[in-house]
Amino acid sequence: MYKFVECIDAGSEYCPCHLAEKGECIICSQLQNKVFCDCLYWKGTCIYEELLKNGNKAKKTRQYKKCDIIAIEKIRDDLLIYDIRVSNSLLRELDNIGAYVFLKSPNFPDYFGTPISIMDINYEQQSIKLLIKIHGIKTKDIKDCNEKIMVKGPYWNGIQGQRFLRNLKDKSVLILGRGVAAAPGVLVTRRLTLNNNKIIALLDKGRSDKNICTDYYTKYGAEVNNLSIINYKDKTLTDDFKKYIKDILEKENIDVVLAAGDDEFNSLIINYIHVRRTDICFASVNNSIMCCGEGICGSCIVKLSGKEIRSCKQQYNPLEYYYVEDGK
Amino acid sequence: MMNVVVIGGGWAGCAAAIQAKKCGADVLLIERTDMLLGLGNVGGIMRNNGRYTAAEELIALGADDLFNIIDRCTRHKSIEFPGHKHADLYDVTIIEAHVRRYILDMGIRVLFETRVVDVDVEDKKIKAVFLDSGTRIDGDVFIETTGSTGPMGNCIRYGKGCSMCILRCPAYGPRISISQRAGVEDILGMRDDGVFGAMSGSCKLDKDSLSKEIRDELNTKGVYITDVPQEDINPEKLKMKVCQQYALKEFAEKIILLDTGHAKLMTSYYPLEKLRKLKGFENVRFIDPYAGGKANSIRYLSMAPRNDTMKVIGLDNLYVGGEKSGLFVGHTEAIVTGTLAGYNAVRSLMGLNGIELPVSLCTGDIIKYENETKRKKDGLKKRYTFAGSEYFERMKKLNLYTTDKEIINKKVEALMIKDIFKQKLI
Ligand SMILES: Cc1cc2nc3c(=O)[nH]c(=O)nc-3n(C[C@H](O)[C@H](O)[C@H](O)COP(=O)(O)OP(=O)(O)OC[C@H]3O[C@@H](n4cnc5c(N)ncnc54)[C@H](O)[C@@H]3O)c2cc1C
Ligand code: FES
């Protein structure tokens, strides 16, 4: 079967990484202790050569840098929008689909770091905007930061199925989002509208009383509708949503759907749409728990067809990941 | 609709596609770069020694299409250089466009800049191939002619690194062994010293960067020969070489240039500083590989086990030709094996058994001989070509070598296979 092999860092300045150095490269067969080329995913550079040229050593990994917090907007007690000033080069690198950073307070060790998606980019202010939901220890630690915060990045694997979004031009994309998970969809909208793609966003406000992201989507030219998509009590899709999908699939020529919710939400909508239209491709937000972001700790591993995938670095096909036999 | 998918558009793939089309199939040819002919864009030598016989045999068998084009693109006819007689040199700067037009005019569909990366196999049958975009391409029968060159990682591990050859891996992505992806282990060629792979044996200089005297001689005679300075003679380099027909002592002691549009230099690589010390070479620069001062491409790391109908052993519907099908060196060899692969692929579609070429023809004999010898001790260190080394000796010994077209024609007629490659099967 077709192997969906893709490492988001391949060919970047962070490649080859420690995985390559230890013979565990996601892409290169020469660096998996096989001694011949079997290169399924090519991004323009030979990882084997890069490693040799670098003295058989991994490139330097990303490091935490202390950054200024410009503003904190409190939406709710447990829902905050941070504006953080970062260097110009990091800003440019984060202006990409799926971008995220690790954040932590300056006072605590590295394992406090938690991945947060970039919602928006502001070049004038030289800042990134992030929507943060306060959950547990790590995010509470962030909440305590008021002036300075530690930022590590850039990371790009916050969206899975990026090959379906990359190089998209003059196409139509439907974004289905719910709550905080809808935030990375803003950056997707920003990038895709630059290439004359039509973005239709359907947002479920989740447990909030309003859709926090709506204004950001609108700013970048998305057509936004607010609707309740899912009944969480019995884990079903609402009738309103089903009607909406029926209409939109008839009316619009949708090429790709981005599922921007939690795993339950993503699974429900992807399967629902897939049985109705098999030609639509899916992207999804990456909901894995991550700790290092470098493919080392293993906390982000998901299993797909018996294979372990380090989802902080490696791409998978969301349809394959969320697919259930009967489609529900 | 009967549908043949050819992967790799070098000489072997072009020959296979043309043959399958002539037999009446619907043909799709997939090529990773923006050009057909692969290594054929940097070669050019035809009809030297036994290749003359092979070319004429194939023409008598009805596979004259590519030879007609090559003859039209020939710059020099019947020249001589050390160890080689009656060689033709085609113009590498124009040949691709001619072959490409011919193939497209025949109605063969070609996908350029498209890399095949995986296969869908069921019960020893390939159902489809996948492109690196993830697109699935279904087919009834497949022909793999992806060659054996590179890619970068192999050139690094078994050679002196990427030298930026015509296959342009960084730009179009690396070659992939389709048969291996389908579960059939590759066979690997070796060098004399037992290391895997072998290095391409010639490079191209920009003719305009040579002195007027050398240019004139190349343009009129097709050949220019001068001595390698005593201190630069390096016979060790010969051992690494693919082209054993050019691994003669003369090729270490002499600089031999052939006019194929560029000036073909008959050695794997040559440090630029040293080359520029020669008279008339003061301004010289490499055109292929771009880093010809440092290295050349590594080949023969990816051959599929096959039978003598060119079918891959272990798969029901995969055929191979060219370097993918054995330790064959050369355009002529690629055209011979590719043509047979194309023909038998269509026969298999019709439920017919594949044919073998008779061993009383050198084209049939080389296919069988390579297969047998490859399995013997040291067989993987040999290369098989009509143009020289051991196989040309064998041709002479078995009386398979002749330059008399009449004899070849009569032989083919007596075998009752005149023009079989012109037959429509579907
Ligand atoms: C510098 C040099 C000079 C030479 N000079 C001569 C000469 O003068 N005379 C002579 O007879 N022989 C010469 N040869 C040898 C001769 O060129 C080869 O043996 C012959 O052309 C091999 O043909 P092929 O079709 O098997 O392979 P190739 O020419 O290697 O063709 C393979 C093709 O497959 C494509 N491909 C590979 N992987 C994929 C994939 N996954 N998906 C899609 N496409 C793919 C490649 O891009 C390529 O176009 C020379 C070779 C070199 C390197
Ligand atoms: S987050 Fe550590 S391996 Fe992926």
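Residues numbered from 1 in each chain as written. Chains lettered and ligands numbered in written order. Predicted model: local features only at pLDDT ≥ 70, side-chain atom pairs only at ≥ 80, totals over all residues. Heavy atoms only, no water.

Another aspect to go through is the pairing of strand E8 (residues 125-131) of chain B. In summary, the side chains of a regular strand alternate between the two faces of the sheet. Residue and element names in this part refer to chain B. Of all the 7 residues making up E8, 5 are buried; the element is thus mostly covered by neighbouring parts of the structure. Connecting strand E7 (residues 116-122) to the antiparallel partner E8 that follows it, the hairpin turn spans 2 residues, and Asp123 within it adopts a positive phi of roughly 50°. Connecting E8 to the next strand, strand E9 (residues 136-138), in antiparallel fashion are 4 residues, including Gly134 with a positive phi near 100°. (Buried < 20%, exposed > 50% of the residue type's maximum accessible area, 1.4 Å probe, protein only. Helix = DSSP H or I, 4+ residues; strand = E, 2+ residues; numbered from the N terminus. Pairing = 2+ DSSP bridges.)

As a further point, take the interface of chain B and chain A. Size of an interface, as often reported, equals the accessible area lost when the parts are brought together. In this assembly, 27 residues from chain B lie in contact with 19 residues from chain A. Interface area for chain B against chain A, summed over the two sides, is near 1,900 Å², with a carbon-plus-sulfur share of 59%. Contact with chain A buries surface across chain B, with Ile156(B), Arg157(B) and Arg181(B) losing the most and accounting together for 26% of the total. Along the contact surface separating chain B from chain A lie 1 salt bridge. Across the salt bridge formed by Arg181(B) and Asp38(A), the nearest N and O atoms sit 2.5 Å from each other. Viewed at the interface, chain A and chain B are joined by 9 residue pairs in polar contact (both at pLDDT 80 or more). Top contributing element to the side of chain B that touches chain A by residue count: helix H5 (residues 152-158) of chain B, with 6 residues. (Contact = heavy atoms within 4.5 Å. Buried area = accessible area lost by both parts, 1.4 Å probe. Salt bridge = Lys/Arg side-chain N within 4 Å of Asp/Glu carboxyl O. Polar contact = N/O pair within 3.5 Å; in protein donor to acceptor, adjacent residues only side chain to side chain.)

What follows concerns the sheet that holds strand E12 (residues 203-205) of chain B. All names here are of chain B. One open sheet accounts for 5 strands, arranged E13-E14-E15-E12-E16; its pairing is antiparallel. Edge strands, defined here as strands with exactly one partner in the open sheet, are strand E13 (223-227) and strand E16 (286-288). Here the strands of the sheet are splayed against their neighbours by 35° on average, with no regard to which way each runs. Sheet analysis places E12 next to E16, joined by 2 bridges and oriented antiparallel. Within E16, the position partnered with Leu205 by the bridge is Phe286. The sheet contacts of helix H8 (residues 212-221) involve E13, strand E14 (254-259) and strand E15 (263-265), and relative to E13 the element is tilted by about 135°. (Axes fitted to C-alpha atoms, helices over the stretch in contact; angles between N-to-C directions.)

Another point: the sheet that holds strand E3 (residues 100-104) of chain A. Residue and element names in this part refer to chain A. Sheet architecture is open: 7 strands sit in the order E4-E3-E7-E1-E2-E6-E5, paired in antiparallel fashion. On the outer flanks of this sheet lie strand E4 (114-117) and strand E5 (120-122), each paired with one strand and no other. Pairs of neighbouring strands in the sheet enclose a mean axial angle of 40°, with direction left out of account.

On to the packing of helix H2 (residues 51-60) of chain B against helix H15 (residues 405-414) of chain B. Residues and elements named next belong to chain B. At a closest axis distance of 9 Å, the pairing of H2 and H15 adopts a crossing angle of 45°. As summarised for this structure, H2 and H15 are arranged oblique, according to the angle between their axes. Judged by the sense of rotation from one axis to the other, the crossing of H2 with H15 is right-handed. In this structure, H2 uses Tyr52, Thr53, Glu56, Glu57 and Ala60 to contact H15, whose residues at the interface are Lys405, Ile408, Asn409 and Val412. Counted by class, the contact of H2 with H15 contains 4 nonpolar, 2 polar and 3 charged residues. (Parallel < 35°, antiparallel > 145°, perpendicular 65-115°, else oblique. Left-handed = near helix turned anticlockwise from the far one by under 90°. Nonpolar A, V, L, I, M, F, W, Y, C, P; charged D, E, K, R; others polar.)

Moving on to the domain arrangement of chain B. All names here are of chain B. Looking at the assigned domains, one finds that chain B contains domain 1 (3-194 + 298-422) and domain 2 (198-288). The partner domain 2 presents 32 residues to the 36 residues of domain 1 that form the contact. Roughly 2,600 Å² of surface becomes buried between domain 1 and domain 2 when both sides are summed, with 60% attributable to carbon and sulfur atoms. Our count for the domain 1 to domain 2 interface comes out at 1 salt bridge. Among the ionic pairs, Asp259 bridges to Arg75, the shortest N-O distance being 3.1 Å. Counting the contacts that link domain 1 with domain 2 gives 9 residue pairs in polar contact (both at pLDDT 80 or more). (Domains from an automatic or database assignment.)

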